[in-house]
Amino acid sequence: MRKPGRAVRRALSRGFTWRLSLLITVATVALLSTGLLPRLARGVPAVVAGEKGVVQPNPRPLQNLGSWAAPVSLSVSAIHAALLTSGQVLLWYSDVPFGSGTNSHANLWNPATNAVTSNNLTENYDIFCSGTSYLPNGQLFITGGRDDSKPHADAGIPQTFLYDPTTNGWTQGPTMSYYRWYPTNLELGDGTTLIASGKDDNGDIVYEMEEYNYETNTLTVLPASADMSTANTYIYPRMVLMPSGKVFMGGMYAQSMVFTPATNSWVNGPTLNFGQRIYGAMVLLPGLQKVMQVGGDPDESQAGNATNTVEEIDFSKPTPVWSYVASMNEPRQNENLVLLPDGTVLAVGGGTGGGRYTNPVYEPEDYNPTANTWTLYSPQEAQRTYHSTALLLPDGRVLSAGSDSGPMARTLEVFSPPYLSNGTRPTITSAPTSVTYNQKFVITTPDAATITRVALIKVASTTHATRFDERFVDLTFKIGSGRISATAPSSGNYAPPGYYMLDILNSSGVPAVMPFVLVN
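Residues numbered from 1 in each chain as written. Predicted model: local features only at pLDDT ≥ 70, side-chain atom pairs only at ≥ 80, totals over all residues. Heavy atoms only, no water.

## A look at the side chain of Asp147
Tracing the backbone shows Asp147 in the loop between strand E10 (140-143) and strand E11 (160-164). Nearest to the buried, unbridged Asp147 among oppositely charged side chains is Lys150, at 4.9 Å. Within polar-contact distance, the side chain of Asp147 engages the side chain of Ser149 at 2.6 Å. (Helix = DSSP H or I, 4+ residues; strand = E, 2+ residues; numbered from the N terminus. Buried < 20%, exposed > 50% of the residue type's maximum accessible area, 1.4 Å probe, protein only. Lys, Arg positive; Asp, Glu negative; His and termini not counted. Salt bridge = Lys/Arg side-chain N within 4 Å of Asp/Glu carboxyl O. Polar contact = N/O pair within 3.5 Å; in protein donor to acceptor, adjacent residues only side chain to side chain.)

Take a look at the structure:
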């Protein structure tokens, strides 16, 4: 058979090129209609139609978007997560049939080995949807939970529990005066723990607040002036301790409130511009003066459309008000906000609305407070919507787990942010295991000349998009030869007593592996 002539070959070539161009155009329109093309463009080399119809890779280097490790199997859906001073993470969920009254199931996960061991609550209670926070002695303090014996699912319990990271042992603490389910724990500057809100044994909101003294192991009901009935409170209220010693409650309802422990009194604060942000997330930014409220749903049933808007309030200003800052790339509710060692804030998981578990968002995104920008990162595999958790690990990675929906509910995933690929880590040769307020202390490191930031990051626990006591405390420091001279925070209002991770960051934005240090 004779080969086609030159004119025929050119016609065929032109036809191939035309068909290929048409195919690319149709595929592009399809991807744009699904919203996938921008995501692919961030993580996959672009393709272009080159000469003679050849598809060639875009030679531009890919943006560093971080990476996810393979999921790790758990026996529980981790709707509660707490970083322990042993370096392990305690993860738990009731994970038992409602009404059975059996102990809550818990796992210990070792980030260094990926080993998972069972460590169920030894007391015969259900601490599903409890409040959690750390005490100055390093023990985890857990308040309330669910009463499985009640015919309805909204009944709280009055019990408290202590978990000791040094022995991995559970003990029962004193009994609260009020039953609580979905309470918030907040450590104050003197080391006492404020216990707020929750639902009682009839499923009604508890307005009375209690305070726990870890030194005497006693609970005290605060005076009637501390009653939260005027605060329009919600379950798991978003609360942070400010350097003034006052407590700011910034969500989930539109009306923010300020509590003064010295007088046991509440006053109205500024109102959110967006209105209520149900299961949005709140974080105290580095600098300890700005509070940011992120995403959320205007519908209390969480069946509406989540927002991507973000508001910030600056308490260094004479008249603080909520102001919009840069919006997220994705609307989110039930997301987790994690303070990273470089001073940015990572939003992990959540959904765009339509229900608690529907329309999950797989890509985390990072907020830079200095640049006021959000950057999307590589997507994770599992759905992390309602009941999800996320925590910063001492090596700078981020744990993501929980959400009791979807085929990967009983797994955890670990994210390595882009800064871990920015060069060699600095190393800490030695650092004190404890410091007192205003104490000058020395960190020895061969990388001292490259260090641009020194900070303390409080050991955190989380559930239901609520961060208990998480804060990033910058330290003043001076660089010497092979050493850094730093000064501890001035008081408990800046850094409530307890355990922190010691963070040093180099000029490339890479953190060292962070040791634990006790601040008291």
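## A few points about the sheet that holds strand E23 (residues 310-314)
Taken together, four strands build an open sheet; the order of strands is E21-E22-E23-E24 and the sheet is antiparallel. Only two strands of the sheet have a single partner each, and these edge strands are strand E21 (281-284) and strand E24 (322-325). Here the average twist between neighbouring strands, direction ignored, is 25°. Across four bridges, the pairing between E23 and E24 is antiparallel. Its bridge partner lying in E24, Ile313 is registered against Trp322. (Pairing = 2+ DSSP bridges. Axes fitted to C-alpha atoms, helices over the stretch in contact; angles between N-to-C directions.)

## Some remarks on the environment of Gly203
Within the fold, Gly203 resides in the loop between strand E14 (193-196) and strand E15 (210-213). Overall, Gly203 belongs to the buried group, its relative accessible area being 18%. On a C-alpha basis, the gap between Gly203 and Asp154 in space is 4.7 Å, while along the polypeptide they are 49 residues apart. With residues up to four places along the chain from it excluded, the contact list for Gly203 reads His152 and Asp154. (Contact = heavy atoms within 4.5 Å.)

## Some remarks on the pattern of salt bridges
A side chain of one charge can pair with a side chain of the opposite charge when the charged atoms of the two come close. Under the counting rule described, the total for this entry stands at 12 salt bridges. Between Lys199 and Asp154 there is a salt bridge whose closest N-O contact spans 3.5 Å. Separated by 45 residues along the polypeptide, Lys199 in the loop between E14 and E15 and Asp154 in the loop between E10 and E11 bring together distant segments of the chain. You can call Lys199 buried: its relative accessible area is 17%. Between Glu187 and Lys458 there is a salt bridge; the shortest N-O distance is 3.2 Å. Of this pair, Glu187 sits in strand E13 (residues 184-187) while Lys458 sits in strand E34 (residues 451-458), placing them 271 residues apart in sequence. Each member of the pair, Glu187 together with Lys458, is buried. Here the salt bridges share partners, and the residues they tie into one network are Asp126, Arg146 and Asp148.

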